[in-house]
Amino acid sequence: MRARIILIIGGGIAAYKSLELIRLLRKRDIAVECVLTESATHFVTPLSVQGLSGAPVHTALLSLAEDSQMDHIALSRSADLLVVCPATANLLARMANGFADDLATTLLLATDKPVMIAPAMNVRMWQHPATQENLRTLRERGCHFAGPDEGEMACGEFGPGRLSEPESIVTAIEDVLFPHKPLTGRHVLITAGPTHEPIDPVRFIANHSSGKQGYAIASACARLGARVTLVSGPTALPCPDKVIRVDVTTACDMLAACHAALPADIAICAAAVGDWRLAETATQKRKKQNDAPPVLTLVENPDILATLSRSGPSRPTLVVGFAAETEKLETHAAAKKQRKGCDWLLANDVSPGNGVFGGDHNRILFLGDESTESWPSLPKAEIATTLAERIAARFSPSSR
Ligand code: PMT
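The notes below deal with the structure included here. (Residues numbered from 1 in each chain as written. Predicted model: local features only at pLDDT ≥ 70, side-chain atom pairs only at ≥ 80, totals over all residues. Heavy atoms only, no water.)

Quick notes on the overall build of the protein chain
Then, number 1: Each helix and strand counted, the protein chain has 14 helices and 22 strands in total.
Then, number 2: On the principal axes, the C-alpha backbone points of the protein chain span a range of 75 × 55 × 40 Å.
Then, number 3: When the 400 residues of the protein chain are sorted by exposure, 50% land in the buried category.
Then, number 4: A separation threshold of at least 6 residues defines the contact pool for the protein chain, and within that pool the share at least 24 residues apart is 67%.
Then, number 5: Carbon and sulfur atoms form 53% of the exposed surface of the protein chain, whose accessible area is close to 19000 Å².
Then, number 6: Of the side-chain charges in the protein chain, 40 are positive and 43 negative, and the distance between the mean point of each set is 4 Å. (Helix = DSSP H or I, 4+ residues; strand = E, 2+ residues; numbered from the N terminus. Buried < 20%, exposed > 50% of the residue type's maximum accessible area, 1.4 Å probe, protein only. Contact = heavy atoms within 4.5 Å. Areas by Shrake-Rupley, 256 points an atom, 1.4 Å probe, with all protein chains shown as cover. Lys, Arg positive; Asp, Glu negative; His and termini not counted. Charge placed at Lys NZ, Arg CZ, Asp CG, Glu CD.)

In structure tokens, the structure reads:
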């Protein structure tokens, strides 16, 4: 079942970062319902929070009673986790002392679910004995903490008290939501993104892969405790938390980086690798000629998936490939699985208009050990979670 959190946004300058947090959580397929304190509404608007979370936003006890089918007790227990971000010194003090004078503190007092706190405040406020005492109290009560970080503050001072980066808060949240780490001790090698095959110093041959599917898989495997090496072609994506990323440009670089990352227990080739490169890359920019356009001679690139599948004693125990097709999905995918020698294959239809390249959703035809399954259209994060869980099940002691 989809994880759900209630995000309580406190009134501090760092409140704007909660918007990015909501975006990242939803990308991980975690449902978010938000509560803003009165002062938070001066920093972020309920409308933008609602737009990003895709769920009703609550600001006051009374409005909750009027607008919603849920009362505050039900709301406080409707999620798997309550997250307070940013948690100001004032909000921490009210939590530690059991206040229930607004919707946020009432929910925190009424909940029977775990609570995560992401503090953000001026360094002197953070270091003040009153705040430290409140933190001790909340820690002793079992609250989880994400940060704060040390660094330069909006007020110009330097030290601890800065809100942690949203990516790190998401990781802390996932550690609480998904404490089970069945891939601990496993090394997963993942390729993602496109390759760029240079024509000359200013031009290259590439494709539409954004890296989203491969990065989501890296994130899901790391969440299940795996050590993840992500060999990535050029993308605009940030490296997922707890993942080691190796940046490459061409297919030949990608193969070399994969070899360097071995041994691995599992290899997942989600990259859209260029099948061909130029026989000769020009060292200077090619100039337009007056006569005919240039003829580009191509040679075949190494096949990384096939190479890993047939790498003898260093072959990963489980090799997973993808197939990007625009027609005859099942037939082509089955032939590709056979030809490349991988164990599992995830086929997707990348025809223009499907929105798979660069989009947030995908529809997979899964060719497993013995059977083929059609998965419905799902967020890429959910596909990644499903795949990571299947891998974990394959490696679980009971399945041996
Ligand atoms: O990156 P996104 O925008 O999120 O889009 C996701 C995706 C469509 C790129 C992804 O889901 C996907 O399908 N990746 C594989 C793309 C691809 O190159 O497919 P292919 O059918 O051409 O190759 C089959 C398999 O061989 C793939 O696992 C590929 O990584 C691998 N391959 C291909 C050529 C090559 N020289 N070396 C390889 O390892």
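As for the nonpolar core
Then, number 1: The biggest cluster of nonpolar side chains holds 36 residues, and the ones touching the most others in it are Ile 190, Cys 221, Val 228, Ile 268, Leu 346 and Ile 391.
Then, number 2: Breaking this core down by element, the ones donating at least two residues are strand 9 (187-192), helix 10 (212-223), strand 12 (227-232), strand 14 (266-269), strand 17 (318-325), strand 18 (344-349) and helix 14 (380-395).
Then, number 3: When near neighbours in sequence (up to four residues on either side) are disregarded, Cys 221 contacts Leu 183, Val 188, Ile 190, Ala 226, Val 228, Ile 268 and Ala 388.
Then, number 4: Ranked by size, the runner-up nonpolar core spans 32 residues in total, among them Leu 7, Ala 14, Ala 15 and Val 83. (Core = buried A, V, L, I, M, F, W, Y, C linked by side-chain atoms within 4.5 Å.)

Considering the pattern of salt bridges
One side chain can pair with another of opposite charge once the charged atoms of both are near each other.
Then, number 1: Taken as a whole, this structure holds 23 salt bridges when the rule is applied.
Then, number 2: In this structure, Arg 136 engages Glu 133 in a salt bridge whose closest nitrogen and oxygen atoms are separated by 3.0 Å. Here Arg 136 pairs with Glu 133, and both are found in helix 8 (residues 129-140), just three residues apart, close to one helical turn.
Then, number 3: Note on Arg 136: relative accessible area 42%, which makes it partly exposed.
Then, number 4: Here the salt bridges share partners, and the residues they tie into one network are Arg 28, Glu 167, Glu 174 and Arg 223. (Salt bridge = Lys/Arg side-chain N within 4 Å of Asp/Glu carboxyl O.)

Considering the sheet that holds strand 6 (residues 144-145)
Then, number 1: Overall, parallel pairing links the six strands, which are arranged 3-2-1-4-5-6 in an open sheet. What marks the edges here is a single partner per strand, and that holds for strand 3 (57-58) and strand 6.
Then, number 2: When strand 2 (residues 31-36) meets strand 3, the two strands line up parallel, connected through two bridges. The partner of Cys 34 across the bridge, within strand 3, is Val 57.
Then, number 3: Lying on the sheet, helix 1 (residues 17-27) is in contact with strand 1 (4-9), strand 2 and strand 4 (81-87); it crosses strand 1 at an angle near 175°. (Pairing = 2+ DSSP bridges. Axes fitted to C-alpha atoms, helices over the stretch in contact; angles between N-to-C directions.)

Focus on the site of the ligand
Then, number 1: Lining the immediate surroundings of the ligand are 29 residues, of which Ser 209, Ser 210, Ala 271, Lys 336 and Asn 348 lie closest.
Then, number 2: Within the contact set of the ligand, an oxygen atom lies 2.7 Å away from a side-chain nitrogen or oxygen of Ser 209.
Then, number 3: In this structure, a nitrogen atom belonging to the ligand sits 2.9 Å away from a main-chain N or O atom of Pro 302.
Then, number 4: Look at the ligand: alone it shows 760 Å² of surface, and the protein chains cover 96% of it.
Then, number 5: The set of elements that each furnish at least two residues to the shell around the ligand consists of helix 10, helix 12 (304-309), strand 17 and helix 13 (329-340).
Then, number 6: Among the elements that take part in the shell around the ligand, strand 17 stands out by supplying four residues, more than any other. (Near = heavy atom within 4 Å. Polar contact = N/O pair within 3.5 Å; in protein donor to acceptor, adjacent residues only side chain to side chain.)

Description of the side chain of Ser 219
Then, number 1: With respect to the helices and strands, Ser 219 occurs in helix 10.
Then, number 2: Those residues in contact with Ser 219, other than ones at most four positions away along the chain, are Arg 28 and Pro 240.

Concerning the side chain of Ser 209
Then, number 1: By the secondary structure assignment, Ser 209 is in the loop between strand 11 (203-205) and helix 10.
Then, number 2: A polar contact is formed between the side chain of Ser 209 and the backbone nitrogen of Gly 211, at a distance of 3.4 Å.
Then, number 3: Residue contacts for Ser 209: discarding those within four places in its chain leaves Gly 193, Pro 194, Ala 272 and Phe 357.

Concerning the packing of helix 1 against helix 2 (residues 46-53)
Then, number 1: Where helix 1 contacts helix 2, the two axes come as close as 9 Å, and the packing angle between them is 15°. Judged by the inter-axis angle, helix 1 sits roughly parallel to helix 2. Read as a crossing pair, helix 1 and helix 2 show a hand that is right-handed. Taken together, the residues of helix 2 that come into contact with helix 1 (itself represented by Leu 19, Ile 22 and Arg 26) are Val 49, Leu 52 and Ser 53.
Then, number 2: Considering only residue class, the contact of helix 1 with helix 2 consists of four nonpolar, one polar and one charged. (Parallel < 35°, antiparallel > 145°, perpendicular 65-115°, else oblique. Left-handed = near helix turned anticlockwise from the far one by under 90°. Nonpolar A, V, L, I, M, F, W, Y, C, P; charged D, E, K, R; others polar.)

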